[in-house]
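# Fold and contact review
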Amino acid sequence: MKNRIYMLAGLAGLTVLGFKLSSCVSIPRGATAVKPFNEQKYLGTWYEIARMDFKFEKGLSQVTANYSMNNDGTIKVKNRGFKNKEQEWKESIGKAKFVKSPDEARLKVSFFGPFYAGYNVIALDDDYKYALIAGNNLKYLWLLSREKTMPDYIKQRYLEHAKVLGYATEKLIWTKHD
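Remember, predicted model here, so these are calculated numbers, not experimental data.

## Regarding the side chain of E48
Summarising the element assignment, E48 is placed in strand β1 (residues 44-52). Look at E48 and you get buried, because its relative accessible area is 3%. Of the polar contacts made by the side chain of E48, one reaches the side chain of T175; its length is 2.7 Å. In this view, E48 contacts E57, V63, W142, L143, L144, T175 and H177; residues no more than four positions away in its chain are not counted.

Take a look at the structure:
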């Protein structure tokens, strides 16, 4: 009986932990998501210009992200990059949901079941050609463009914005595109 109580308590604890992990998305202190935001204008293909390196993108070049609508109202996320060492393409497919409302560019993205991470558009030009994306914290940052390049003045503006928030922009990996 005593073991059964411990087991039930443990399962309850895991359930609470799982719920917290699956719904835990944030935005770096001082950052604000773009508002108003037009999800339809944001959909389509984006080229990664730079990123803070992390294990899922290590060694990748020619990285793109494609966003499209799923039938259930979520956004399909298709990330693709070329793994130089293995000479092969790597692809990850996930889904994104808005944290609050579709007019605020705060989303949560999942590639692994119930586990979500923050995806926050913190800078975006009026034509939806260039974007600065912050993750949950200062370890995740991306510069995205609709083309394989980004004008220097936009790049500098986004880098300054990120520095003010505390990002170590000197650690950015600049993505190579053919």
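After that view of the structure, there is still more to cover.
## Examining a nonpolar patch on the surface
On the surface, F56, F112 and F115 cluster together to form a nonpolar patch covering roughly 310 Å² of accessible area. By the secondary structure assignment, F115 is in strand β6 (residues 115-124). Given the relative accessible area of 42%, F115 is considered partly exposed.

## So, the pattern of salt bridges
Throughout the structure, instances matching the rule amount to nine salt bridges. Linking R51 and E57 is a salt bridge whose minimum nitrogen-to-oxygen distance equals 3.7 Å. The burial state of R51 is the same as that of E57; both residues are buried. With its nearest N and O atoms 3.8 Å apart, the salt bridge here joins E91 to K78. One end of the pair, E91, is in strand β4 (residues 88-98); the other, K78, is in strand β3 (residues 75-83), and 13 residues separate them in sequence. With a relative accessible area of 42%, E91 lands in the partly exposed category. Overlapping salt bridges bring together E48, R51, D53, E57 and K58 as one network.

Thresholds applied
Residues numbered from 1 in each chain as written. Predicted model: local features only at pLDDT ≥ 70, side-chain atom pairs only at ≥ 80, totals over all residues. Heavy atoms only, no water. Helix = DSSP H or I, 4+ residues; strand = E, 2+ residues; numbered from the N terminus. Buried < 20%, exposed > 50% of the residue type's maximum accessible area, 1.4 Å probe, protein only. Polar contact = N/O pair within 3.5 Å; in protein donor to acceptor, adjacent residues only side chain to side chain. Contact = heavy atoms within 4.5 Å. Patch = residues over 30% accessible without salt bridge, like charges linked within 9 Å, V, L, I, M, F, W, Y side chains within 5 Å. Areas by Shrake-Rupley, 256 points an atom, 1.4 Å probe, with all protein chains shown as cover. Salt bridge = Lys/Arg side-chain N within 4 Å of Asp/Glu carboxyl O.

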